Amino acid sequence: MVFPYSTRRLSSTEVEDILAKLTQELTVTTDRIRTIIKQFNEEMDKGLDHEGATVPMIPSFVTGRPTGKETGRYMALDLGGTNLRVCEFHLEGQGKFSVHQQKYVVSDQLKKGEMRHLCDFIADCVDNFISEHGSDHLDEALQLGFTFSFPVLQTAINRGTLMHWTKGFNCSGAINKDVVVMLQDAFLRKNLNVNIAAIVNDTVGTLMAHTYLHPETTIGVILGTGTNACYYEKATGIKKWKTEKQFDDMVINMEWGAFDNERRVLPLTIYDNKLDRESINPRQQIFEKQISGMYLGEIVRNAMLHLVDQWMLFNGQSSADLNKQWGFETAYMTTIIADNTPALASTEHILQDVLQIETTTLEDRQIVKHICDLVARRAARLSAAGIAAVLSHTGDIDRPSVVAIDGSVYEFLPGFENNMIIALKELFGDSIQNRIKFALAKDGSGFGAAIVAMVAHKAATSS
Ligand code: GLC
């Protein structure tokens, strides 16, 4: 029997047992990944076949690939990650461009307030940007590509209604409304001569931006605050559209974060369930909640607290900071996973100085590092499963192709890409590495939105 506040060091066998149990809980086996891919392919087919499927497979109205020859000045807005970004691109042709950009912080109050206020805030940022960096030809309307990284059911390249919020946004008065109309109205209220020529998901922007320079790119993936992917689908594959299709292929915004909301195949632990239950969107975005930056730290926190409650970590003592929901940031995982010092000094710094846990032993820090490693590795393997499912669906798994990826989880979590490659090799053999390449498409979504705005604007003015 262990009493509160008594100091007790865990024996090495106890530590080994704890590590082994965590490994068992948080590991996705190769067989499980195969099951996930099979289910993923079924869900993709359902989403292409009818409206209302869990993975909605939303047609983006983006057809064809950019050539790199596009020219002109176009603005882009990027909402949906950590910041709002406003940019102006000058496309010079031959794959060349220059950019001015500015980031603005979107407060938590705006994220959860009224949509009208959020739109007014965005309009103010655009206004501020134009006065500071804007073009000189203000007599004609500036054309803007709006990267809005939420599930939007599009009816045209510049029309679409919000299905539901994700990633901690929860503005009232937006669901089932046309987001472009709402933002365009805010521009009108401020007398801004800016026309929203296209609404673009961040995955689609990322794919476009990367294809501009690398035509062999087949998928755009975001592994950041949220997660999602898009790819080119054949016109005949979009079965839910019964009318005649005037294009060969169209980019599909999958909204894969909603995969397995039914909880059939994903390996959910008590830590995931706790996170889901306490989130503002319980039983939604289940895949996203196991992969993306908004959630990984919280899974680690839940696992740590579970051990604290059993006197298996920090001598049974937590801290006010660690007890807070979202108190353990995903960014801490980057430091802890990279910590290879014998005493795990950076881990100690985060636990004791940042999170104010009174004292930690080396064993404590080893356990925490192990949890971070496992949660990150599981996220990488599940991401690989999603990518493998898309590549299998399109047939690109057997051909050379490039997957363009953006987002902090992919960019900053040490070993993330390597863990994805390991999973792909387990599934398809070592030679897969010669065919499928991952490429970081940093901040591509704004640029991609500008390209889509340009194509849309030219099409609208020539018809
Ligand atoms: C969420 C959004 C999706 C976006 C992804 C990455 O899953 O619903 O639209 O692409 O996050 O930002």
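Structure: above.
To keep things clear, this report deals only with the structure shown in the data block. (Residues numbered from 1 in each chain as written. Predicted model: local features only at pLDDT ≥ 70, side-chain atom pairs only at ≥ 80, totals over all residues. Heavy atoms only, no water.)

### Quick look at helix H4 (residues 115–133)
- With 19 residues, H4 should cover 27 Å at 1.5 Å per step; its first-to-last C-alpha distance of 27 Å lies within 8% of that length.
- The complete set of buried residues in H4 reads Met-115, Leu-118, Cys-119, Asp-120, Ile-122, Ala-123, Cys-125, Val-126, Phe-129 and Ile-130. (Helix = DSSP H or I, 4+ residues; strand = E, 2+ residues; numbered from the N terminus. Expected span 1.5 Å × (residues − 1). Buried < 20%, exposed > 50% of the residue type's maximum accessible area, 1.4 Å probe, protein only.)

### Digging into helix H1 (residues 12–26)
- A rise of 1.5 Å per residue sets the reference length of H1, with its 15 residues, at 21 Å; its end C-alpha atoms lie 21 Å apart and thus fit the reference within 8%.
- Listing the buried residues of H1 in full gives Val-15, Ile-18, Leu-22 and Leu-26. Axial view of H1: buried residues confined to an arc of 65 degrees, hence all on one face. Of the residues in H1, the exposed ones pointing more than 90 degrees away from the buried face are Glu-16, Asp-17 and Gln-24.
- Structurally, H1 contributes buried residues whose contacts are with helix H7 (270–278), helix H9 (296–309) and helix H13 (362–394). (Arc of directions from axis to C-beta. Contact = heavy atoms within 4.5 Å.)

### Focus on the side chain of Lys-289
- Inspection of the secondary structure puts Lys-289 in helix H8 (residues 286–291).
- Since its relative accessible area comes to 3%, Lys-289 is described here as buried.
- One polar contact links Lys-289 to Ser-279, side chain to side chain, over a distance of 3.1 Å.
- Setting aside anything within four residues of it in sequence, one finds Lys-289 in contact with Leu-275, Asp-276, Ser-279, Asn-281, Pro-282, Arg-283, Gln-284, Tyr-295 and Ile-299. (Polar contact = N/O pair within 3.5 Å; in protein donor to acceptor, adjacent residues only side chain to side chain.)

### Thoughts on the sheet that holds strand E1 (residues 58–63)
- The strand order across the open sheet formed by six strands is E1-E11-E10-E9-E12-E13, and the pairing between neighbours is mixed. For this open sheet the edge positions go to E1 and strand E13 (436–440), each flanked by a neighbour on one side alone. Strand-to-strand twist in this sheet, taken as the mean axis angle between neighbours without regard to direction, amounts to 25 degrees.
- In this structure, strand E10 (residues 227–234) lies alongside strand E11 (residues 249–253), joined through five bridges in antiparallel fashion. Considered in E11, the bridge of Tyr-232 is made with Val-251.
- Packed onto the sheet, helix H6 (residues 202–213) meets E1, strand E9 (217–223), E10, E11, strand E12 (401–406) and E13 and runs at close to 135 degrees relative to E9. (Pairing = 2+ DSSP bridges. Axes fitted to C-alpha atoms, helices over the stretch in contact; angles between N-to-C directions.)

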